[in-house]
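Chain by chain, the residues run as shown.
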Amino acid sequence: MREVKLSNTKFLIRKAAVLGAGVMGAQIAAHLVNANIETLLFELSGEADNPNANVIKAMEKLKKQEPAPLSIKSKAADIQPANYDQHLTLLQDCDLVIEAIAERMDWKRELYLKVSPFLGEHTIFASNTSGLSINQLAEAFPAHLRHRFCGIHFFNPPRYMHLVELIPGETSDATMLDNLEAFLVTYLGKGVIRAKDTPNFIANRIGVFSLLATMHHGQAFRLGFDLVDALTGALIGRPKSATFRTADVVGLDTLAHVINTMHDTLPDDPWHRYFAAPDWLQGLIQSGALGEKVKRGVYQKIKGEIHVLDLTTQNYRPSGGQVDEDLKRLLKYSNPTDKFAGLRRHQHPQAQFLWSIFRDVFHYCAVQLASIADNARDLDLAVRWGFGWNQGPFEIWQAAGWKQIAQWIQEDITAGKSMSQTPLPQWVQEIAGSTIQSVHTAQGSFSPAIGKNQQRSTLPVYRRQPFPDRLIGEDTRYGDTVFETDAVRMWHAGDDIAILSFKSKMHTIGIDVLEGVQQALKEAEQNWRALVIWQTEPPFSAGANLQKAAEKPKHAPQPDQAPPPAPQPPTAFQQFLKKLRKTTQATVLQVARELDLTDMLMAKKLEEVNHMIRQFQQTSQALRYSMIPTVSAVDGLALGGGCEFVMHCDRAVATLESYIGLVETGVGLLPAGGGCKEFAMRAAQNAKDGDPFPLLKAYFKTVAMAELAKSAEQAKELGYLRPADTIVMHRFELLHIAKAQALALAEAGYRPPLPMREIPVAGNTGIATIESMLVNMREGGFISEHDYLIGCKVAHVMCGGDLTPGSLVDEDWFLELERAAFMELIATEKTQARIEHTLKTGKPLRN
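Just so we're clear, the structure is a prediction, and the values are computed from it rather than from any experiment.

(A) Expanded view of the overall build of the protein. The helix and strand inventory of the protein stands at 31 helices and 25 strands. Overall, the protein is about 80 × 80 × 60 Å in size when its C-alpha atoms are taken along their principal axes. The proportion of buried residues among the 847 residues of the protein is 56%. A separation threshold of at least 6 residues defines the contact pool for the protein, and within that pool the share at least 24 residues apart is 71%.

In structure tokens:
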């Protein structure tokens with residue numbers, strides 16, 4: 001049962017139903033069961049002998065889909081298949097029904113007439129329409145039901161996209177909407193934006209216009225699709241899929257449908273003449289090239305290489321659009337003011353193209369804001385959460401200088417360069433003439449309807465977000481500092497729970513972070529009731545950073561000393577880091593980032609490594625045995641050493657989208673910060689009949705295969721998280737819940753666990769069993785000789801070494817085995833070759 005408490009009322013979601021098992025409907029149902037909500041999934045009846053055949057087929061697809069809609073595959077069994085011929089009576093027990101069938105007004109109305117007699121007295125009915133009129137849809141309901149009808153627009157894929165647009169109808173009950181918003185926020189983890197009932201609502205209205213403007217100017221400046229994507233992706237703070245790769249993912253037919261919807265429903269829009277699918281898009285659709293779902297669209301993979309459609313030849317050619325180097329430097333290194341000044345004066349077609357699309361998007365947002373959104377904040381967050389932009393349009397404009405950009409836009413309108421000659425609204429000029437020149441401030445964001453700034457929502461659910469997703473101009477101060485170093489900051493929010501945040505890149509853990517954690521633990525034991533490790537932004541931690549171990553103190557040269565040597569060319573490691581910044585997806589890159597191995601390893605400076613490993617183990621143990629409760633608040637990556645910190649805290653509170661794993665074997669090493677020891681202890685503690693080996697065997701596989709959990713639920717399955725650890729759906733509620741967990745432990749009279757001094761080991765019998773499996777894999781060609789060696793080292797550590805099964809050892813025994821095995825592996829030429837190869841190429845080496 002999901003419960004939201006507002007004022008003196010309770011809004012309960014015991015059971016939900018989704019009508020329509022297409023791409024969106026099935027994934028919405030998947031996310032509902034991710035949140036442990038009993039869910040029915042309806043689809044048209046199949047064959048007479050199997051009426052649920054269609055919906056069962058959709059449910060099976062969920063298990064194979066990537067990215068995975070389900071947090072774990074077994075969740076598919078929690079979806080109850082249903083069809084409209086046999087199961088409509090089940091709707092009367094549902095608290096929430098979400099319609100997600102095709103975007104046809106007539107089909108939706110027909111369905112509403114069919115199901116409305118079966119809805120319970122308390123049932124909320126919502127449409128997942130991406131742009132049809134909510135008020136027109138409501139007309140299909142009996143008048144007495146319309147107060148419980150609204151729009152809930154999820155974005156694809158629903159599990160991962162943060163945005164949900166909540167669209168009230170004229171008769172929607174206000175309290176129902178508030179309760180529904182609270183439910184969507186806390187229990188489904190969504191960022192909710194109230195949208196007005198206008199075509200395509202907020203995010204799609206702006207996002208699709210941006211795409212149309214990009215298409216228009218790309219063709220005007222004769223830029224290829226691949227070059228447009230190179231210009232409109234990460235380089236300007238948008239997703240790597242940029243424009244046309246995104247179109248392929250969405251589906252070219254779906255994109256054309258959305259464009260046509262804008263054309264048909266927005267006849268008075270000043271930009272209406274641009275609301276038409278270009279000829280080339282219609283041609284691709286007619287030829288069956290619908291995008292990624294059919295493996296051909298704007299892009300196509302041919303013989304393992306990505307090819308792109310060339311409009312000049314109407315054939316596919318190898319993709320390889322190159323951004324002008326001067327422009328690239330301008331975009332990467334300039335502040336926003338200089339960047340936009342440079343774009344506007346630069347004569348290169350690529351620069352003029354970028355200025356044109358920014359200008360026209362700014363122009364469109366300014367003109368349409370009053371009609372589609374309550375304020376500038378809602379528009380910016382909708383675009384950020386729904387389309388993955390780093391900043392919303394108004395944020396970008398404000399950062400670049402509101403008055404200057406407004407002046408340039410007006411000049412281009414006057415000169416006939418803009419896509420529309422509609423003047424900027426009066427409120428834009430008034431802000432340009434004000435002292436603050438900002439639509440976003442600490443006091444709120446500008447609302448044209450009231451002519452002043454509007455504060456954030458005051459619904460009680462948002463009290464659970466002490467630090468919500470911030471916009472430019474808003475206060476980003478995090479509490480009061482207890483102490484701060486170059487590596488960490490310990491702070492508090494006015495209560496007696498201390499918070500520790502890392503300051504290193506990707507929150508990697510070096511000697512300085514380890515010292516900071518130890519200092520924080522000492523401070524917390526003396527003056528605070530608990531310690532929470534929480535980062536101000538993800539990831540939790542990309543793991544151990546061994547670079548600091550080899551750094552020497554820097555001293556300024558004395559007058560009689562020789563000047564410092566000339567700068568050296570970038571090392572392989574530095575080159576790797578540069579490459580690493582460009583991608584975050586491949587697991588092998590995550591492995592390399594987790595280790596952050598530097599030239600010190602290549603130079604075999606092993607003593608520094610040994611010292612750091614020892615200090616890492618001491619810090620992990622300090623987290624476990626501190627006199628105050630320790631809680632790790634995890635969001636995003638928690639790799640290697642970061643995972644080991646999570647495993648050693650008294651509790652972990654993790655967002656569903658936490659990706660946790662001990663991944664060291666990917667580059668020829670093993671976990672040595674207490675991870676192997678922790679799995680051995682857990683196997684012993686949970687052993688049946690005193691035999692730890694059955695559990696240990698599963699844990700061995702997890703470590704040896706460097707398994708990375710793709711959700712917090714899977715992290716529990718793999719053993720990285722414990723059954724008592726908490727999974728949170730909303731990342732901005734993470735700190736609130738972690739502090740509550742820490743306080744609960746403190747209130748219960750917390751005492752640390754007693755050290756385990758008698759841990760039964762699997763010993764030489766367990767080692768021999770695992771080694772025999774490894775031999776078979778080696779002989780079968782599934783692993784290399786060095787893979788075999790790594791696996792044997794992991795088995796040796798986790799089984800407790802060459803001892804008689806059942807022998808009793810303490811934790812220090814396992815830590816010594818970890819450290820020794822790590823040092824033995826890092827000293828081998830093949831592990832060093834793997835590390836070097838990974839750092840140079842970003843790809844694994846099997847040697």
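From this point, the discussion proceeds with the structure in view.
(B) Structural detail: the nonpolar core. If you look at the biggest cluster of nonpolar residues, it comprises 115 residues, and the most contacted ones within it are Phe340, Leu343, Phe394, Trp397 and Trp427. Of all the elements, helix α13 (residues 349-372) adds the most residues to this core, at 13 residues. Leaving out residues up to four positions away in the same chain, Phe340 has contacts with Trp355, Phe358, Phe362, Ile396, Ala400, Ile405 and Trp408. Grouped together as the second largest cluster of nonpolar side chains are 83 residues, Met681, Met756, Val761 and Val809 included.

(C) Structural context of helix α10 (residues 279-286). Three or more residues of α10 are buried, namely Trp280, Leu281 and Leu284. Looking down the long axis of α10, one finds its buried residues gathered within 100° of arc, a one-sided arrangement. The outward face of α10, more than 90 degrees from its buried face, is lined by the exposed residues Asp279 and Gln286.

(D) Summary view of the packing of helix α18 (residues 511-527) against helix α22 (residues 606-625). Direction vectors running N to C along α18 and α22 enclose 25°, while the axes themselves pass 10 Å from each other. By the angle between their axes, α18 is roughly parallel relative to α22. Judged by the sense of rotation from one axis to the other, the crossing of α18 with α22 is left-handed. Residues Ile511, Leu514, Glu515, Val517, Gln518 and Leu521 of α18 lie in contact with α22, whose contacting residues are His611, Met612, Gln615, Phe616, Gln618, Thr619, Ala622 and Leu623. Of the residues contributing to the contact of α18 with α22, the split by class is 8 nonpolar, 5 polar and 1 charged.

(E) Focus on the packing of aromatic side chains. Summed over all chains, the structure comprises 35 aromatic pairs. A centroid spacing of 5.6 Å and a plane angle of 25° characterise the contact between Phe42 and Tyr84, whose relative ring orientation is stacked. Within this pair, whereas Phe42 is found in strand β4 (residues 38-43), its partner Tyr84 is found in the loop between β5 (79-83) and β6 (96-99), the two being separated by 42 residues in sequence. Given the relative accessible area of 0%, Phe42 is considered buried. Centroid distance Phe125 to Phe141: 4.9 Å. Interplanar angle 65°. Geometry classified as edge-to-face. Of this pair, Phe125 sits in strand β7 (residues 124-127) while Phe141 sits in the loop between α4 (134-138) and β8 (149-154), and the two are 16 residues apart along the sequence. Taken as a pair, Phe125 and Phe141 share a single burial class, namely buried. Site record: aromatic cluster; members linked through ring pairs are Phe340, Phe358, Phe362, Phe394, Trp397, Trp402, Trp427 and Phe446. Stacked on the ring of Tyr788, the Lys or Arg Arg778 has its end atom at 4.2 Å from the ring centre.

(F) Looking closely at the environment of His153. With respect to the helices and strands, the residue His153 is situated in strand β8. Excluding its chain neighbours within four sequence positions, the residues that come into contact with His153 are Ser127, Asn128, Thr129, Ser130, Leu163, Val164, Glu165, Ile167, Phe201 and Asn204.

(G) Expanded view of the layout of surface pockets. When its volume is computed, the second largest pocket comes out at roughly 710 Å³. For the lining of the second largest pocket, the secondary-structure elements that each account for two or more residues are α5 (174-186), β10 (191-194) and α14 (376-387). Tallied by class, residues from the lining of the second largest pocket come to 10 nonpolar, 12 polar and 12 charged.

(H) Focus on the sheet that holds β10. A sheet is described by the order of its strands in space; here 8 strands give the open sequence β5-β4-β3-β6-β7-β8-β9-β10, paired in mixed fashion. Edge positions in the sheet fall to β5 and β10, since each has one partner strand and no second. The average undirected angle you get between the axes of adjacent strands in this sheet is 25°. One ladder, built from 4 bridges, connects strand β9 (residues 163-168) with β10; its direction is parallel. If you follow Leu163 over to β10, its bridge partner there is Gly191.

(I) The arrangement of empty space enclosed by the protein in detail. Considering all chains together, one arrives at 4 cavities of 30 Å³ or more under this definition. If you add up the space inside the second largest cavity, you get close to 40 Å³. The wall of the second largest cavity is formed by Glu103, Ser130, Gly131, Leu132, Asn200, His257, Val258 and Thr261. Of the residues in the lining of the second largest cavity, the class split is 2 nonpolar, 5 polar and 1 charged.

(J) The sheet that holds strand β15 (residues 444-447), seen in detail. Overall, antiparallel pairing links the 3 strands, which are arranged β14-β15-β16 in an open sheet. Whereas interior strands pair on both sides, the edge strands pair on one side only; in this sheet they are β14 (440-441) and β16 (452-454). Bridge count between β14 and β15: 2 bridges; the pairing is antiparallel. Residue Thr441 lies in a different strand from β15, and its bridge partner there is Gly444.

Quick notes on the rules
- Residue positions within a chain follow its written sequence, with the count starting from 1.
- The model is predicted, so local features are restricted to residues of pLDDT at least 70 and side-chain atom pairs to those at 80 or more, both for listing and for counting; the totals for chains, interfaces and linings are taken over all residues.
- Side-chain metrics rest on all non-hydrogen atoms present in the structure, leaving aside hydrogens and water.
- In this description a helix means any DSSP run of H or I spanning at least four residues, a strand means any run of E spanning at least two, and both kinds are numbered starting from the N terminus.
- In this scheme, a residue with accessible area under 20% of its type's maximum is buried, one over 50% is exposed, and one in between is partly exposed, where area comes from a 1.4 Å probe on protein chains only.
- Throughout, a contact is declared for two residues whenever any of their heavy atoms are within 4.5 Å.
- We call a set of buried residues a nonpolar core when its members are Ala, Val, Leu, Ile, Met, Phe, Trp, Tyr or Cys and they connect through side-chain atoms within 4.5 Å of each other.
- Taking the helix axis as origin, the arc is that swept by the directions to the C-beta atoms.
- The axes used here are C-alpha line fits, helices contributing only the stretch in contact, and every angle between their N-to-C directions lies in the interval 0 to 180 degrees.
- Throughout this description, any angle smaller than 35 degrees is read as roughly parallel, any larger than 145 degrees as roughly antiparallel, any in the 65 to 115 degree range as roughly perpendicular, and the remainder as oblique.
- By definition, any crossing whose near helix is turned counterclockwise from its far helix by less than a right angle is left-handed, and any crossing with a clockwise turn is right-handed.
- Residues were grouped as follows: Ala, Val, Leu, Ile, Met, Phe, Trp, Tyr, Cys and Pro as nonpolar; Asp, Glu, Lys and Arg as charged; and all remaining residues, including Gly, as polar.
- Aromatic rings from Phe, Tyr and Trp, taking only the six-membered ring of Trp, are treated as a pair when their centres fall within 6.5 Å; an angle between ring planes under 30 degrees marks them as stacked, one over 60 as edge-to-face, and anything in between as tilted.
- The rule is short: NZ of Lys or CZ of Arg within 6 Å of the ring centre and within 35 degrees of the ring normal puts a charge over the ring.
- The rule is simple: put a 1 Å grid over the protein atoms alone, call a set of points where a 1.4 Å probe fits but cannot get out a cavity, call an open set with protein on both sides within 12 Å along at least five of seven lines a pocket, and count a residue as lining if it has an atom within 4 Å of a point.
- Grid points are joined across faces, edges and corners, and a volume is the space filled by probe spheres set on the points.
- DSSP bridges decide pairing: two strands pair if at least two such bridges lie between them.

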